[in-house]
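Coordinate analysis (summary)
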Amino acid sequence: NAGVTQTPKFQVLKTGQSMTLQCAQDMNHEYMSWYRQDPGMGLRLIHYSVGAGITDQGEVPNGYNVSRSTTEDFPLRLLSAAPSQTSVYFCASSYLRTGGGYGYTFGSGTRLTVV
Amino acid sequence: AQKITQTQPGMFVQEKEAVTLDCTYDTSDQSYGLFWYKQPSSGEMIFLIYQGSYDEQNATEGRYSLNFQKARKSANLVISASQLGDSAMYFCAMRDKLNTDKLIFGTGTRLQVFP
């Protein structure tokens with residue numbers, strides 16, 4: 001059981017390049033989400049999905065695109081990378097906890113640098 | 001607006017002593033969940049403990065307990081018998097709306113455990 005798998009772990013991009021951060025989970029969780037973590041801050045939500053074919057914006061969606069064609073995969077696309085997108089990106093999936101409420105499983109993160 | 005406040009940027013504790021990390025939250029929702037995560041220097045997000053807003057008892061998970069004071073909107077994390085391996089960043093987070101998948105994070109507290 002791999003949990004939430006993110007690739008790549010590290011990436012350097014030039015300004016204006018595009019790329020896709022991959023996220024896959026094998027726990028059959030309906031909810032998936034992407035967060036970014038900047039120095040000295042907690043995680044902030046970029047986009048989330050409550051099921052295949054359904055996505056919505058979070059707190060900081062500009063410059064990012066997502067789609068959810070399967071339950072397992074939730075890729076994050078940077079359309080035209082900017083230095084302000086230098087950050088650590090976390091993918092998460094969430095599940096209904098026994099006894100109520102939701103739990104979250106996070107991937108190990110992708111450290112992205114835009115130069 | 002929903003918000004998580006962690007007022008302690010850094011805390012020190014001696015090994016084997018207990019430590020309390022503070023967290024206050026702001027929400028107008030009646031149903032919400034509160035989380036604590038640990039982030040060691042390796043960067044992964046490790047789930048520690050969860051408290052639902054309707055849970056009557058404070059949550060406990062091994063050496064971790066959550067001091068939940070609903071009227072004061074506080075959810076402090078208590079770590080008993082600190083260990084050197086507890087040195088890390090600790091984040092308080094809240095999920096407040098049933099129909100979205102949004103975790104709101106505080107800015108974190110860096111805990112350092114010394115021998």
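For the structure itself, look to the data block above.
Residues numbered from 1 in each chain as written. Chains lettered and ligands numbered in written order. Predicted model: local features only at pLDDT ≥ 70, side-chain atom pairs only at ≥ 80, totals over all residues. Heavy atoms only, no water.

**Topic: the interface of chain B and chain A**
Taken together, the contacts link 17 residues of chain B with 20 residues of chain A. Taken together, the two surfaces of chain B and chain A that pack against each other cover about 1,700 Å², and 57% of this comes from carbon and sulfur. The tally of links between chain B and chain A comes to zero salt bridges. Mapped by element, the contributors of at least two residues to the side of chain B that touches chain A are strand E5 (33–39), strand E6 (46–52), strand E10 (88–95) and strand E11 (103–105) of chain B. (Contact = heavy atoms within 4.5 Å. Buried area = accessible area lost by both parts, 1.4 Å probe. Salt bridge = Lys/Arg side-chain N within 4 Å of Asp/Glu carboxyl O. Helix = DSSP H or I, 4+ residues; strand = E, 2+ residues; numbered from the N terminus.)

**A short note on the pairing of strand E10 (residues 102–106) of chain A**
Residue and element names in this part refer to chain A. In terms of burial, E10 is a largely internal element, four of the five residues being buried. The sheet contact formed by strand E9 (residues 87–96) and E10 spans five bridges and is antiparallel. By the bridge assignment, Leu96 is partnered in E10 with Tyr102. If you look at the hairpin formed by E9 and E10, you'll find five residues sitting between the two strands, and Gly99 has a positive phi there, around 95 degrees. (Buried < 20%, exposed > 50% of the residue type's maximum accessible area, 1.4 Å probe, protein only. Pairing = 2+ DSSP bridges.)

**Details of the side chain of B:Asp86**
Residues and elements named next belong to chain B. Position of Asp86 relative to the elements: it lies in the loop between strand E9 (74–79) and E10. For Asp86, the side chain forms a polar contact with the side chain of Arg63, separated by 2.8 Å. Ignoring any residue separated from it by four or fewer positions in sequence, one finds Asp86 in contact with Lys38, Arg63, Tyr64, Ile79, Ala81, Leu111 and Val113. (Polar contact = N/O pair within 3.5 Å; in protein donor to acceptor, adjacent residues only side chain to side chain.)

**Description of the pairing of strand E4 (residues 31–37) of chain A**
Along any regular strand, the residues point their side chains to alternate faces of the sheet. Residue and element names in this part refer to chain A. Most of E4 is tucked away: seven of the seven residues are buried. Of the two faces of E4, both are covered, the one formed by Tyr31, Ser33, Tyr35 and Gln37 as well as the one formed by Met32, Trp34 and Arg36. Here seven bridges tie E4 to E9, and the two strands are oriented antiparallel to one another. The residue of E9 that forms the bridge with Gln37 is Val88. Of the pairings in the sheet, the one linking E4 to strand E5 (residues 43–51) comprises six bridges and is antiparallel in character. Residue Tyr35 lies in a different strand from E5, and its bridge partner there is Leu45. Count of turn residues in the E4/E5 antiparallel hairpin: five residues, of which Gly40 carries a positive phi of about 75 degrees.

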